Amino acid sequence: MQNLYDFSILTGAIHESLSRSMSPGWVTFTELVIIGLVFLLFFALLGLFLVYLERKVCAIIQNRVGPNRVGKWGLLQTIADLIKLLIKELIPIRKSDKFLFNLAPFIVIIASLMAMAALPFAKGLHAIDFNIGIFYVMAVSSLGVVGILLAGWSSNSKYSLIGAMRSGAQIVSYELSVGLSLLAIVVFSGSMQLSTIIESQSNGWWIFKGHIPAIVSFIIFLIASTAEINRGPFDLAEAESELTAGFHTEYSGIKFAFFFLAEYINMFIVSGIAATVFLGGWMPLHIGNWEGFNHIMDFIPPIVWFFVKTFFIIYVIMWFKWTFPRLRIDQLLTLEWKYLLPVSLVNIVLIAFLVLMGWHF
Amino acid sequence: MLNRDELKEIIISLVPEAEFAEGTQLPEVIVPVAKLLELAEKLKTNPKTLFDYMINHTAVDFNTHFMTVYHFESTTHKHLLVVKSKIEDRENPETESLAALYPTCEFFEREVFDLFGIRYKNHPNLKRLFLEDDYGHPLRKDFRDEVNMIER
Amino acid sequence: MTEEIIKDVIIGESEDYIINIGPQHPSTHGVLRFEVCLQGETVKYIIPHVGYIHRGIEKMCESLTYPQIIHLTDRMDYLSAHMNNEAVCLCVENALQVEVPERVKYIRTILDELNRLASHQLWWAAFGMDLGALTTFFYGLRDREMILDIFEESFGSRLLHSFNTPGGLMHDVHPNFQKKIKEFIKYFRKKLPEYDQLLTGNVIFKQRAVGIGPMSKETAIAYGVTGPSGRGSGWACDLRKHAPYSAYDKVQFTECLETEGDTYARYKVRMREMWESLSILEQLVDNIPEGDYTAKMKPIIKLPAGEFFQRVETARGELAVYIVSDGNKTPYRIRFRTPNFSNLFVINTIASNFKIADLVAVSGSLDLVIPDIDR
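Residues numbered from 1 in each chain as written. Chains lettered and ligands numbered in written order. Predicted model: local features only at pLDDT ≥ 70, side-chain atom pairs only at ≥ 80, totals over all residues. Heavy atoms only, no water.

A.B. asks: Sorry, what's going on with the overall build of chain A here?
C.D. replies: Secondary structure summary: chain A contains 15 helices and zero strands in total. Computed over the C-alpha atoms, the radius of gyration of chain A is 21 Å, within 12% of the 21 Å expected from 2.2 N^0.38 for a compact globule of 361 residues. Based on the C-alpha atoms only, the size of chain A along its principal axes is roughly 65 × 55 × 45 Å. Residue burial in chain A is summarised as follows: out of 361 residues, 50% are buried. Taking all contacts inside chain A whose residues are at least 6 apart in sequence as the whole, residues at least 24 apart take part in 77%. (Helix = DSSP H or I, 4+ residues; strand = E, 2+ residues; numbered from the N terminus. Rg over C-alpha atoms; globule rule 2.2 N^0.38 Å. Buried < 20%, exposed > 50% of the residue type's maximum accessible area, 1.4 Å probe, protein only. Contact = heavy atoms within 4.5 Å.)

The following block contains the structure:
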């Protein structure tokens, strides 16, 4: 059944038609250009849609309506915001380090784009499929910290510096927990390659197969990745009521739009990784031996499954942000070093033991 | 809770120079500036009076002299007292600061300094509170401001 | 704070890392500037700078008649506007020894408690928002709208009423007054537990509030911190109980006291005060006696020569009005001892040695309204 929705037929066909008319070097180049353009387009549209979604979810939680004037149901609101940001004056700062100041938003966007390329959207629709997939994603998303620190430093403002330092400390600490919780599933599935992890979930999602340790890992991953993307109860770096806007106080116009966009894309990436690793990626929901049910589930295209799971996790992350108050920086770091990290370590040992004994499904 | 006459007796025994006003809403005592700090200290520590809460401190400009006013309350005995002190000098009015006894007084005194120009001896930080340094002292009766005040 | 520290603070020359919070800042509610000296994330000392909204109310009142002064007192602590008005009215009425009708006393007390509820709702909304739980702002303001609708129907304005006048009220309340208040009480009794569900029991909130900014009872008395902030430290300073005025001696309510003196204690005091206000409203709303809405006063009000003092419990603490009169129709000197003035200056003592994020929590829990400080 899944062959019906196998994207490798489409990609194979494109590859064939290109190879007939061009030499292999040019074929690769054209394919890279096509993939790059598709991703940039997807990136931009996704950013627009996520901003709109956040405003609507926030409004529902706060007993309001949200944007509903610009376009039907307010769908064109983000485009209006985008045009506004594009035509805003870029206010230069006198004593800032101009090169670093302009470089910082680009570093953040590049890190997000590179990480998103590794997400498996459907069978065959997978841009970068390394055999060290998970390791690559974690490494590349860490580049974002550099962008944030540069932004805070080069703004030449005390508020920005405080915000950037807080943010840097937070992200670097929580990477440990993110890595360890992803490592849990790597131990279960035996491979770091994302497509292999998904294939290994064809008889059930890891969150069900791995029972308790996998659920613990999932919860730790959710908490740690919310802290990684500077969101929700961990958004001290840009706490409006304390430091105006933290590390991106001095940015305006399109550069601010880059930081803003990168935050939402990071949210998508983190949810995508959670959906892939814990919830089965593009695998449909199969329950044991219920043949009829599984057949119906197979009809829904895998790409729809992927997006449903990802958006479910995005909704949970947004729910956190609008309900909980903020943690203070030392409470944040205490949470990581004294609670999440020991639990993750014990969890990994437990999982290794389970895999050896074969006590998972 | 002590009534007016009992308070009068205790205060006269603590500081004989105090004068009592008659027919006022609250018990009122007027002391010369030199005895103010001593009276305040004794009122705070004496177990029968125990005035530990300073409600208010301000000044009033009668055209010939200033009068600084303190309102005290005791949180244990629940009686109120008004302490006043007269400053005759209008050019350089000076009085004692009670900030060491009542920390809240530090800021009341800064406000009085700002709006009246009365200086306080031994004040930890006598700076103006609301207005600029060269503004003058608006709550004095002889304050004139051609721009903002309309004289009838 | 000694003079040595003040001399060292010259920006650029000293060793201290000074940042300004305010005067334009989303979380100092009003124009207030905190000069904060930091060491890393820890606050070494805080110097508040006030005066950005000093309008000279005391000086202005020296040329206004007593009914005109009422309109200016609204604008001091605008969230307890009715209590401010009532303070001046009571002072004038006691000076003239005028007895206001019972109906006036009951209505004044009812409006006091409604105003206190509205003020505490706004405090809760803003406090949650400062700490990052942005949803509390909407829940608090949504419920406050019902009270503001009652105010608008009764006197035409939502926030600054000037409904009191020396002798009684400006005009009688409209016939729907009691019905609307009863509807509101029923509605709010269901909504107030939601506030607890959202914020009070939340682990993150407790971490941000318990143990932060502790103020002992002696500090509270020494700095004159009255109102819910003082009651959070165990100082029983509620004037509605200890020096009752209007109809407060006819209602039963408990004075909310907590002993720890930290931010969480001040928070709990205000939450409990909201429950007490609802119960006071219930006791009064059905029993408003019939009668006049004002006592007979002369057209031009002249106070006899002398000095008069009146204290009132606003939503934030003790407001004292001190009038020196020389027999004219304008006061010779009027002094407002406002609660926020004393509440603000304790902040250096209680928020030092905590983090910057705690400064926001502490100043939110002290519930400052800046125009009250500067007058």
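Moving on from the coordinates now.
A.B. asks: I keep staring at the pattern of salt bridges and nothing clicks. Help me out?
C.D. replies: Pairs can form between side chains of opposite charge once their charged atoms are near each other. If you walk through the whole model with that rule in mind, you get 49 salt bridges over all chains. Here Asp61(B) and Arg90(B) are joined by a salt bridge, their closest N and O atoms 2.6 Å apart. With Asp61(B) in strand β3 (residues 53-62) and Arg90(B) in the loop between β5 (80-87) and β6 (94-96), this pair connects stretches of sequence that are 29 residues apart. Assigned by exposure class, Asp61(B) and Arg90(B) land together as buried. The shortest N-O distance in the salt bridge between Glu273(C) and Arg231(C) comes to 2.4 Å. On the criterion of sequence distance, the pair formed by Glu273(C) in helix α12 (residues 263-285) and Arg231(C) in helix α10 (residues 227-231) is long-range, its members being 42 residues apart. Connected through salt bridges with shared partners, the residues Glu111(B), Glu58(C), Arg333(C), Arg335(C) and Arg375(C) form a single ionic network. (Salt bridge = Lys/Arg side-chain N within 4 Å of Asp/Glu carboxyl O.)

A.B. asks: Teacher, can you tell me more about the side chain of Asn115(C) here?
C.D. replies: Within the secondary structure layout, Asn115(C) lies in helix α5 (residues 102-131). Those residues in contact with Asn115(C) that sit more than four places away from it in its chain are Leu79(C), Ser80(C), Ala81(C), His82(C), Met83(C), Phe151(C) and His161(C).

A.B. asks: Would you mind showing me how to read the side chain of Lys56(A) here?
C.D. replies: All names here are of chain A. Mapped onto the elements, Lys 56 comes out in helix α2 (residues 24-61). Comment: no salt bridge for buried Lys 56; closest opposite-charge side chain is Asp 81, at 13 Å. One polar contact links the side chain of Lys 56 to the main-chain carbonyl oxygen of Val 65, over a distance of 3.2 Å. Ignoring sequence-local partners within four residues, the contact set of Lys 56 consists of Val 65, Gly 66, Pro 67, Asn 68 and Trp 73. (Lys, Arg positive; Asp, Glu negative; His and termini not counted. Polar contact = N/O pair within 3.5 Å; in protein donor to acceptor, adjacent residues only side chain to side chain.)

A.B. asks: What am I meant to see in the packing of aromatic side chains here?
C.D. replies: Aromatic ring pairs: the centre-centre distance and the angle between the two ring planes describe each pair. Residue and element names in this part refer to chain A. By the definition in use, this model includes 50 aromatic pairs over all chains. Where Phe 218 meets Phe 278, the ring centres are 5.3 Å apart and the plane angle is 55°; that geometry is what we call tilted. You can see Phe 218 sitting in helix α10 (residues 211-228) and its partner Phe 278 sitting in the loop between α12 (253-277) and α13 (291-299), a full 60 residues away along the chain. For Phe 278, a relative accessible area of 0% gives the class buried. (Phe/Tyr/Trp six-rings, centres within 6.5 Å; stacked < 30°, edge-to-face > 60°.)

A.B. asks: In this structure, what is going on with the packing of helix α7 (residues 158-189) of chain A against helix α15 (residues 329-357) of chain A? I would like to understand it.
C.D. replies: When two helices pack together, their arrangement is given by the angle between the helix axes and by the axis-to-axis distance. Residues and elements named next belong to chain A. Where α7 contacts α15, the two axes come as close as 9 Å, and the packing angle between them is 15°. One element, α7, and the other, α15, form an angle in the roughly parallel class. Where α7 crosses over α15, the handedness of that crossing is left-handed. Class assignment for the residues of the contact of α7 with α15 results in 20 nonpolar, four polar and two charged. (Axes fitted to C-alpha atoms, helices over the stretch in contact; angles between N-to-C directions. Parallel < 35°, antiparallel > 145°, perpendicular 65-115°, else oblique. Left-handed = near helix turned anticlockwise from the far one by under 90°. Nonpolar A, V, L, I, M, F, W, Y, C, P; charged D, E, K, R; others polar.)

A.B. asks: Mind showing me how you'd approach the sheet that holds strand β7 (residues 317-325) of chain C here?
C.D. replies: Sheet strands line up and pair through hydrogen bonds in the backbone, either parallel or antiparallel. All names here are of chain C. Spatially, β6-β7-β8 is the arrangement adopted by the three strands of the open sheet, whose pairing is antiparallel. Lying at the two open borders of the sheet, with one neighbouring strand each, are β6 (306-314) and β8 (333-337). On average, each strand axis in the sheet is tilted by 10° relative to the strand beside it, whichever way the strands run. Relative to β8, β7 runs antiparallel, the two being bridged by five bridges. Bridged to Val 324 within β8 is Arg 333. (Pairing = 2+ DSSP bridges.)

A.B. asks: Mind showing me how you'd approach the sheet that holds strand β2 (residues 28-31) of chain B here?
C.D. replies: All names here are of chain B. In space, the five strands of this open sheet follow the order β1-β2-β5-β4-β3, with mixed pairing throughout. Of all the strands in the sheet, just β1 (19-20) and β3 have a single pairing partner and so form its edges. Direction of pairing for β3 relative to strand β4 (residues 65-73): antiparallel, over a ladder of nine bridges. Within β4, the position partnered with Met 54 by the bridge is Phe 72. Of the strands in this sheet, β2, β4 and β5 touch helix α2 (residues 36-45), which is tilted by about 170° from β5. In the packing of helix α3 (residues 105-116) onto the sheet, contacts are made with β3 and β4, and the angle to β3 comes to roughly 15°.

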